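# Fold and geometry: a report
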Amino acid sequence: MHHNDNFGTYLSNGFDGLGDYLENDYKTSWAGNDFRRRSAIDWEWIKLQVLNNNVVCYAVNNFNENVDDHSVLGVGYVNTDKTYIRIASGFSKTLSNFFEYKYTNIDGAWYYS
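Here the structure is a predicted model, which means the values were calculated and not measured. (Residues numbered from 1 in each chain as written. Predicted model: local features only at pLDDT ≥ 70, side-chain atom pairs only at ≥ 80, totals over all residues. Heavy atoms only, no water.)

## A look at the pattern of salt bridges
Scanning all chains against the criterion turns up three salt bridges. A salt bridge links D34 to R36; the nearest nitrogen and oxygen atoms lie 2.7 Å apart. Taking relative accessible area as the criterion, D34 reaches 17% and is therefore assigned buried. Here D107 ties to R38 by a salt bridge, and the two come within 2.3 Å at their closest N and O atoms. Placement of the pair is D107 in strand β6 (residues 106-112) and R38 in the loop between β1 (33-37) and α2 (43-51), with a sequence separation of 69 residues. By relative accessible area, which is 25% here, D107 ends up partly exposed. Here R38 falls in the partly exposed class, since its relative accessible area comes to 26%. (Salt bridge = Lys/Arg side-chain N within 4 Å of Asp/Glu carboxyl O. Buried < 20%, exposed > 50% of the residue type's maximum accessible area, 1.4 Å probe, protein only. Helix = DSSP H or I, 4+ residues; strand = E, 2+ residues; numbered from the N terminus.)

## A look at the packing of aromatic side chains
Going through the model one piece at a time under the given rule, you end up with four aromatic pairs. Between W43 and Y77, the aromatic rings sit 5.5 Å apart at their centres with planes inclined by 85°, giving edge-to-face as the arrangement. With W43 in helix α2 and Y77 in strand β3 (residues 70-79), this residue pair connects regions lying 34 residues apart in the sequence. On the basis of relative accessibility, which here comes to 34%, the residue Y77 falls in the partly exposed class. (Phe/Tyr/Trp six-rings, centres within 6.5 Å; stacked < 30°, edge-to-face > 60°.)

In structure tokens form, the structure reads like this:
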């Protein structure tokens with residue numbers, strides 16, 4: 001998927017590469033998809049994706065004390081005194097992982113539906 005100098009994947013390459021993988025290896029087609037950069041992602045968009053049952057891949061930064069940049073799957077949200085995205089991060093098997101939504105914490109997002 002075209003790694004960058006830091007052995008990561010550029011956002012648009014992740015979106016294109018995963019789409020190609022799903023289509024070619026799993027013969028999966030989708031009704032729609034969306035790729036957005038930080039400036040086009042807000043809390044209302046995040047809630048709408050959950051309402052529409054879209055599992056979203058978020059490219060996040062400041063993930064935790066050990067990992068800065070990481071991709072996670074967003075599967076829900078919680079609105080308390082702060083806003084949290086419920087995630088599957090790949091770091092644990094617990095069903096109760098949350099990532100605090102801040103405009104600056106998400107570099108990009110995409111989904112296929």
